[in-house]
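Structural features, examined
So you can see what is in the structure, the chains are spelled out below.
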Amino acid sequence: MAVPTLNPLPPEQAIRFLEAKGYRVAFSWKDVWQEEHAVAFTVAKMMEVDLLADVHRSLVAALNDGQSFDQWRKGLEPLLQARGWWGKAIDTDPLTGEEQVVQLGSPRRLKTIFDTNVRMSMAAGQWERIDRLAPARPYLRYVAVKDERTRPEHLAWNGTILKVGHPWWDTHSPPCGWGCRCTLQQLSAKDLERNGWTETATPPPLDPRPWVNNRTGETVEVPAGVDPGFGYHKGKAARTASAARQLLEKMAALPPELAATVADPKTLARQIGPEFREWVDGLALARPRGEMRPVGTLAPKVVTWLADNRPDMMPESGALMVTDKGLSHLMRDAKKEAQRLLPADVKALPAILAEPQAVYFDTQDPALLYVFDPPGRDGKLGKIVVRVNFATKEPGTRASIRGNFVTTGGLLQPSDIEGHTRYTKIV
């Protein structure tokens, strides 16, 4: 496998892409699928978040410093060995509960980790530049390395020239597989003329084949020549996740009546959903670290109701926020285990807040109650409590920050809330 040697000054966009990722503990590479890699850093079989964070930081440093693979490996390998993540071991698959012999750290695995993460980061960073230069340089040319180690399909794609926005790139933006060394060359009309090239009239066929992910049972269509898990647009995935996150962060500073109209809550929920799930998976909720994330927006009807009925509680911003401490409370606050929310409920928080079954106002303990219908809970309803203008510590500082924070939740009977004089229905 070819291992990339970094330039002394790697693209800032590539560093930002890798640096912004959350952590995802996963037993198999199939547990984190395609676009999820745009928001989650993962290493198969690395089941400790702290160790995953150390490896992630080492790769960010490698990009920043322009380290070669050998330099990176020299610094990381002793750490992995000291932490016991090296060689073969017996581990339990959390999906099946079966014990099996697994390969942890090895020189070959480190090459794969370095190669894949560096190439993906470079690809995502390159697409940011491609978008910016597209008006002047609207063409992309697929470039394969012409040697005996290159896949035949990739050699056949070499020289394919299509517009930046052509759908073929949605499944064929390099890297297109493990160890893929292919790249993209951005061109202007004059570049084509100077080299005697023309735009490809008909792109190479997709020739999709079914592939079953034995971790999820899902069958997906994978283009011929593209490894499973690589058939997506690296630039679009990174851009969508980043744009949604940045928009929500900006909305936290906007007046609520404006923030509520800036973006559709359902669309935002779909965009930030994968990133939020990865963040939750990577948290050690028993030991909150003070991390914070935007998780949605106040609906216009909720903002209007508060303005008309509780002007004393008019929110200072339109964003809905959550901390890792708040997530911990979500799953532990209920006195009885049967009344607690499940991890699956917590991971679905953006979708729940965007499309609740109803929103109530608690007149006795002033707060918003987002009510939803959790599956398989014997007719019980779920509730998410949001406190408006709630003050909490800003991560990494002693300063307080005020916002609309998810603070707790649980399960209840419909009769506990429907028609109860304590609760006023808003939506």
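Refer to the structure presented above.
In this report, we go over the structure that sits alongside the text. (Residues numbered from 1 in each chain as written. Predicted model: local features only at pLDDT ≥ 70, side-chain atom pairs only at ≥ 80, totals over all residues. Heavy atoms only, no water.)

1. Details of the environment of A156
What counts is decided by this rule: Strands here mean DSSP runs of E at least two residues long; helices mean DSSP runs of H or I at least four residues long; both are numbered from the N terminus. Burial status follows relative accessibility: with a 1.4 Å probe on protein chains alone, a residue under 20% of its type maximum counts as buried, one over 50% as exposed, and anything between as partly exposed.
Relative to the assigned elements, A156 resides in helix α5 (residues 152-157). Among the residues examined, A156 registers a relative accessible area of 59% and is labelled exposed. It is 8.3 Å that separates the C-alpha atoms of A156 and P204, two residues lying 48 residues apart in sequence.

2. Examining helix α3 (residues 69-82)
Put simply, the rule reads: For a helix, the expected span equals 1.5 Å multiplied by the number of residues minus one. At every residue, the bend is computed as the angle between two fitted axes, covering the seven residues ending there and the seven beginning there respectively. Contacts: residue pairs with any heavy atoms within 4.5 Å of one another.
Along its 14 residues, α3 runs 20 Å from first to last C-alpha, staying within 8% of the 20 Å computed at 1.5 Å per residue. When the local axis directions of α3 are compared, the greatest deviation, roughly 30°, occurs at L76, which is followed within four positions by the proline P78. Among the residues of α3, those classed as buried are F69, W72, L76, E77 and L80. Where α3 is buried, its residues contact α2 (49-65) and α4 (107-133). The positive-phi residue at the C-terminal boundary of α3 is G84, with phi of around 85°.

3. What to know about the pattern of salt bridges
To be explicit about the condition: A pairing counts as a salt bridge when a side-chain nitrogen of Lys or Arg comes within 4 Å of a carboxyl oxygen of Asp or Glu.
The full count for this structure, using the stated rule, is 14 salt bridges. With a closest N to O distance of 2.6 Å, R73 and E77 form a salt bridge. Of the two residues, R73 and E77 both sit in helix α3, 4 residues apart, roughly one turn of that helix. A relative accessible area of 16% means that E77 is categorised as buried. When salt bridges with common partners are traced through the structure, they connect D54, R57 and R83 into a single cluster.

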